[in-house]
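Coordinate inspection notes
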Amino acid sequence: MNDLRKIGLLGASGRMGRTIAELVGTTYSKQATMAESVDMQRGCMEDFAGVDAIIDFSLPAGTASLLDWMESREGPLPAVVCGTTGLDDSLLERLRRLGQRTRVIQANNFSPGIAALTSILHFAAPVLRKLGYAAKMTDIHHVHKKDAPSGTAITLARAMDPEHPESTEISSVREGEVIGAHDVVFEGSSDRITIGHEALNRDLFARGAIEAALWLCGLEENTGIFTMNEYFERRYLS
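Below or above, wherever it landed, is the structure these notes cover. (Residues numbered from 1 in each chain as written. Predicted model: local features only at pLDDT ≥ 70, side-chain atom pairs only at ≥ 80, totals over all residues. Heavy atoms only, no water.)

Here we look at the overall build of the chain
For the chain, the count of helices and strands is seven helices and ten strands. Radius of gyration (C-alpha) of the chain: 18 Å, near the 18 Å computed for a compact globule of 238 residues. Here the C-alpha coordinates of the chain stretch approximately 60 × 40 × 35 Å along the principal axes. Per-residue burial for the chain yields a buried fraction of 47% across its 238 residues. For the chain, restricting intrachain contacts to residue pairs at least 6 apart in sequence, the fraction spanning at least 24 positions comes to 75%. For the chain, the accessible area works out to roughly 12,100 Å², and carbon and sulfur atoms hold 50% of it. (Helix = DSSP H or I, 4+ residues; strand = E, 2+ residues; numbered from the N terminus. Rg over C-alpha atoms; globule rule 2.2 N^0.38 Å. Buried < 20%, exposed > 50% of the residue type's maximum accessible area, 1.4 Å probe, protein only. Contact = heavy atoms within 4.5 Å. Areas by Shrake-Rupley, 256 points an atom, 1.4 Å probe, with all protein chains shown as cover.)

Take a look at the structure:
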């Protein structure tokens, strides 16, 4: 039991939070335990004292409160996996600074498939651009999703052109209960190349976040800000 990683969960009442809690208690029960869960209805940040890693799938205000608490503490800090979307530049900068004191992964999508797609696009897009292809992306999510384009779409656009991500035209569609689908189409003068990914259930993202948290806990480095691409490459490609 002492070998189990203690996981703290921020945003426990949300869809992702509930899925993460369920998986930690079942699929990952031999690797981790859900030590503390915090949301708007229960708990406070101080409950996270003593956990090995915190998984945050809350709202920007929740992430800000978490950062307030962590910045106020002295000594070692838990690792942080932040999947909250819609973070502004100031919160992203604070997460980067937090990486000077502990291990942090901030991502808009924790799907290993999206990480693989990002790597593919990072390699393929410059080549296809030189061949005269123009990139367009369709970003489809459920009607409850507030941000458009989604963080995942922005991440993919940055992978294709880090200096000018806005050069990729993104069409955002919000319909039904679609979990997430992203298709990148490279239009040529005489042909079309399509690369895409569709999430079939939310377990995909929850598993990715839990796996990322466990990976952070096992790193030799005590500090650092890591991306899902780096996690993917170091775990699966090295």
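Back to the text.
A closer look at the sheet that holds strand 9 (residues 192-199)
Judged by pairing direction, the sheet is mixed, and its four strands sit side by side in the order 7-6-8-9 without closing on themselves. What marks the edges here is a single partner per strand, and that holds for strand 7 (169-174) and strand 9. Neighbour to neighbour, the strand axes of the sheet diverge by 15° on average, direction disregarded. Alignment of strand 8 (residues 180-187) against strand 9, held across eight bridges, turns out to be antiparallel. Each residue of the ladder has a partner; that of V184, found in strand 9, is I195. On the sheet, helix 5 (residues 151-160) packs against strand 6 (134-141), strand 7 and strand 8 and is oriented at approximately 165° with respect to strand 6. (Pairing = 2+ DSSP bridges. Axes fitted to C-alpha atoms, helices over the stretch in contact; angles between N-to-C directions.)

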